[in-house]
Structures are given as structure tokens and as C-alpha cells.
Amino acid sequence: QVQLVESGGGLVQPGGSLRLSCAASGSIFNINTMGWYRQAPGKERELVATITRGGSRNYADSVKGRFTISRDIAKTMVYLQMNSLIPEDTAVYYCNAVNMIPTINYWGQGTQVTVSS
């Protein structure tokens, strides 16, 4: 089992910044890809950004140039730096970790991000 705990959400004005953190613990030795997803009210959960153990990054088009994902392998942490936030970024953000063999998706409990003036 892998446990994921997110932190760093909150209320921010348009144009502001937030940094989300996710701490992984448990059976993490088979974890390769970690990332962030989000779900806005009435919408499906969508990918925001992912990063592999080797450092390869993938971003949703809607956040490219504004969000940066990073990972500290030693501390089993993954971060999401969010800049130039817009109201459309409002959602619950979930940390995700993918176990390689067998393939298992783990999720955190989510952290609310609200962008509003």
C-alpha cells in the first residue's frame, strides 16, 4: 500500500501563485510516475501534470507555461508550483502515484484550490 498526503491548497486571487506538496509513504519502491490531477464541480477528473522517476514531465495544455511539477526522490515528495492562476484552475487537486508491477493507481485525499477575487 502507498499513502499520499497533499498540502498547500487554499484561496488565491487571479494572477497569484500556490505550491502544492504531496508526501508519499508505504510501499513506494515500485512507484515510477507521480502526478497531479484535478476535478472541478460537475466535471470529470483531468490530468494536470505527471513526472517519472527519471524526470520526464508531461503537462496538460491548459497549464503549460504556468505550472511546474517537480519531484524529490529521496524525500518521496512531489510538488506542483502554480503561477498565473486563473478562475478556471479552481478544483480539488489530487496527488497520484502509479505502482509499476502490478499496475495500481494510488490517490491522495485531495486539496481544494480556489482562484477568486
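Draft legend 1. Up close: the nonpolar core. By size, the foremost hydrophobic cluster in this structure holds 30 residues, and its most contacted members are Leu4, Met34, Trp36, Leu80, Met82 and Tyr93. Put simply, the parts of the chain that give this core at least two residues each are strand S1 (2–7), strand S3 (18–26), strand S4 (31–39), strand S5 (46–51), strand S7 (67–72), strand S8 (77–82), strand S9 (91–99) and strand S11 (111–115).

Draft legend 2. Focus on the sheet that holds S3. Reading across the sheet, the 4 strands line up as S1-S3-S8-S7 and stay open at both edges, with antiparallel pairing between neighbours. What marks the edges here is a single partner per strand, and that holds for S1 and S7. Looking at each pair of strands side by side, their axes are set apart by 15 degrees on average, direction ignored.

Draft legend 3. Region of the structure containing the state of the cysteines. Applying the stated criterion across every chain, the model contains 1 disulfide. Across a sulfur-sulfur distance of 2.1 Å, Cys22 and Cys95 are joined as a disulfide pair. Taking the sign of the S-S torsion, about -85 degrees here, the bridge from Cys22 to Cys95 comes out left-handed. With Cys22 in strand S3 and Cys95 in strand S9, this pair connects stretches of sequence that are 73 residues apart. Of the two residues, Cys22 and Cys95, both sit in the buried class.

Draft legend 4. Region of interest: the side chain of Ser21. Mapping Ser21 onto the fold places it in strand S3. With sequence-adjacent residues up to four places away left out, Ser21 is seen in contact with Val5, Glu6, Ser7, Trp36, Met77, Val78 and Tyr79.

Draft legend 5. Broad picture of the packing of aromatic side chains. In this structure the tally under the stated criterion is 1 aromatic pair. Seen in terms of ring centroids, Tyr37 and Trp107 are 5.1 Å apart; in terms of plane orientation they differ by 75 degrees. Their pairing is edge-to-face. Separated by 70 residues along the polypeptide, Tyr37 in strand S4 and Trp107 in strand S10 (residues 104–107) bring together distant segments of the chain. Note on Trp107: relative accessible area 36%, which makes it partly exposed. The ring centre of Tyr94 lies 3.8 Å from the NZ or CZ of Arg45, which sits over that ring.

Draft legend 6. Just the pairing of S11, in detail. Side chains Thr111, Val113 and Val115 project from S11 onto a buried face, and the interleaved Gln112 and Thr114 project onto a face without burial. Where strand S2 (residues 10–12) lies against S11, 3 bridges are found, and the strand directions are parallel. From the neighbouring strand, Leu11 faces S11, where its bridge partner is Thr114. Alignment of S9 against S11, held across 3 bridges, turns out to be antiparallel. Following the sheet pairing, Ala91 is matched in S11 by Val113.

The rules behind each value
- Residues numbered from 1 in each chain as written.
- Predicted model: local features only at pLDDT ≥ 70, side-chain atom pairs only at ≥ 80, totals over all residues.
- Heavy atoms only, no water.
- Core = buried A, V, L, I, M, F, W, Y, C linked by side-chain atoms within 4.5 Å.
- Buried < 20%, exposed > 50% of the residue type's maximum accessible area, 1.4 Å probe, protein only.
- Helix = DSSP H or I, 4+ residues; strand = E, 2+ residues; numbered from the N terminus.
- Pairing = 2+ DSSP bridges.
- Axes fitted to C-alpha atoms, helices over the stretch in contact; angles between N-to-C directions.
- Disulfide = S-S within 2.5 Å.
- Contact = heavy atoms within 4.5 Å.
- Phe/Tyr/Trp six-rings, centres within 6.5 Å; stacked < 30°, edge-to-face > 60°.
- Lys NZ or Arg CZ within 6 Å of the ring centre and 35° of its normal.

The values are spatial; any link to function lies outside them.
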